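If you want the building blocks of each chain, they are given just below.
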Amino acid sequence: MKRMFILLYLFSLISLYSFSQIKKEKPNGLFYKGSLATTLSVNEENTLFADDDEPFFNLSALFVNNTLGYQFDKRTSIATNLEYNWHSQQGLHFAPAYVSLRHNIIVDDDNIFVRGGYGSLLGISKDFEKGNMYKLGLGLQTVNFDNDNSFLIGLDFTRKRFGYRTLEGLSSVSIFIEYMFF
């Protein structure tokens, strides 16, 4: 009887160990995301088919974003964002703080998502403009199944209202790349 008990005990440990090696996909929880984005503009000094070594596109803005959020399931997540924006052609600096919502339209090995956000432009010094902003985006998320981290790439449309009585506006379309730590 002792041998039978020992065999059952060893069999249960082996089966428990073998099933514990199967990693389950994490459908929800906290995440951190870092992002870089840029806005491209057509270089007006470039002439088509000329050898003047002028690039066709110029970088006209740089966005650096830090995000802390919560993913509810495989499709939906909400996040708080703190960002730094520098528009080189206009010489403007922004510090947006906003809430964003992302929804995966297609959930597969690679997810296609839409997202939106709304928030304030913080006037942290006299060099930074105060106002409000909203953001709409579309992108692709590729998940690394070894550690649930993922890359996101896509396009964002951003509209900023600032200045005296928020009468001035700035719209831009940017290309972003992000890395999400789950």
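For clarity, every value in this text was computed on a predicted model and none was experimentally measured. All residue numbers refer to positions counted from 1 along the written sequence of the respective chain. The predicted origin of the model limits local features to residues at a pLDDT of at least 70 and limits the giving and counting of side-chain atom pairs to 80 or more, whereas totals for whole chains, interfaces and linings rest on all residues. Excluded from the side-chain calculation are hydrogens and water; included are all heavy atoms of the structure.

J.: Hey, could you run me through empty space enclosed by the protein in this one?
T.: For each structure, a 1 Å grid was placed over the protein atoms alone; sets of points admitting a 1.4 Å probe that cannot get out are labelled cavities, open sets with protein on both sides within 12 Å along at least five of seven lines are labelled pockets, and lining residues have an atom within 4 Å of a point. Grid points are joined across faces, edges and corners, and a volume is the space filled by probe spheres set on the points. What the rule picks out here adds up to one cavity of 30 Å³ or more. Approximately 180 Å³ is the volume attributed to the largest cavity. The way it works is that DSSP assigns letters per residue, a run of H or I at least four long becomes a helix, a run of E at least two long becomes a strand, and they are numbered from the N terminus. Only β1 (29-42), β2 (57-71), β3 (76-87), β5 (96-106), β6 (110-121) and β9 (168-181) provide two or more residues apiece to the lining of the largest cavity. Of the residues forming the lining of the largest cavity, the biggest block, five residues, is contributed by β3. Each residue receives one of three labels: charged for Asp, Glu, Lys and Arg, nonpolar for Ala, Val, Leu, Ile, Met, Phe, Trp, Tyr, Cys and Pro, and polar for the others, Gly being one of them. Its residues placed into classes, the lining of the largest cavity shows eight nonpolar, nine polar and seven charged.

J.: Please clarify how the pattern of salt bridges should be interpreted in this entry.
T.: Think of a salt bridge as a Lys or Arg side-chain nitrogen and an Asp or Glu carboxyl oxygen that are within 4 Å of each other. One pass over the full model with this rule turns up four salt bridges. A salt bridge links E178 to K33; the nearest nitrogen and oxygen atoms lie 3.4 Å apart. A residue pair is termed long-range when its members are at least 10 positions apart, and E178 in strand β9 and K33 in strand β1 qualify at 145 residues. Taken as a pair, E178 and K33 share a single burial class, namely buried. Across the pair R115 and D156 runs a salt bridge whose closest N-O atoms are separated by 2.7 Å. Here D156 lies in strand β8 (residues 150-162) and R115 lies in strand β6, a separation of 41 residues in the sequence. Taken as a pair, R115 and D156 share a single burial class, namely buried. Three or more residues are tied together by salt bridges with common partners; here these are K33, R115, D156 and E178. To sort residues, take the accessible area from a 1.4 Å probe on protein chains only and compare it with the maximum for the residue type: under 20% means buried, over 50% means exposed, and anything in between is partly exposed.

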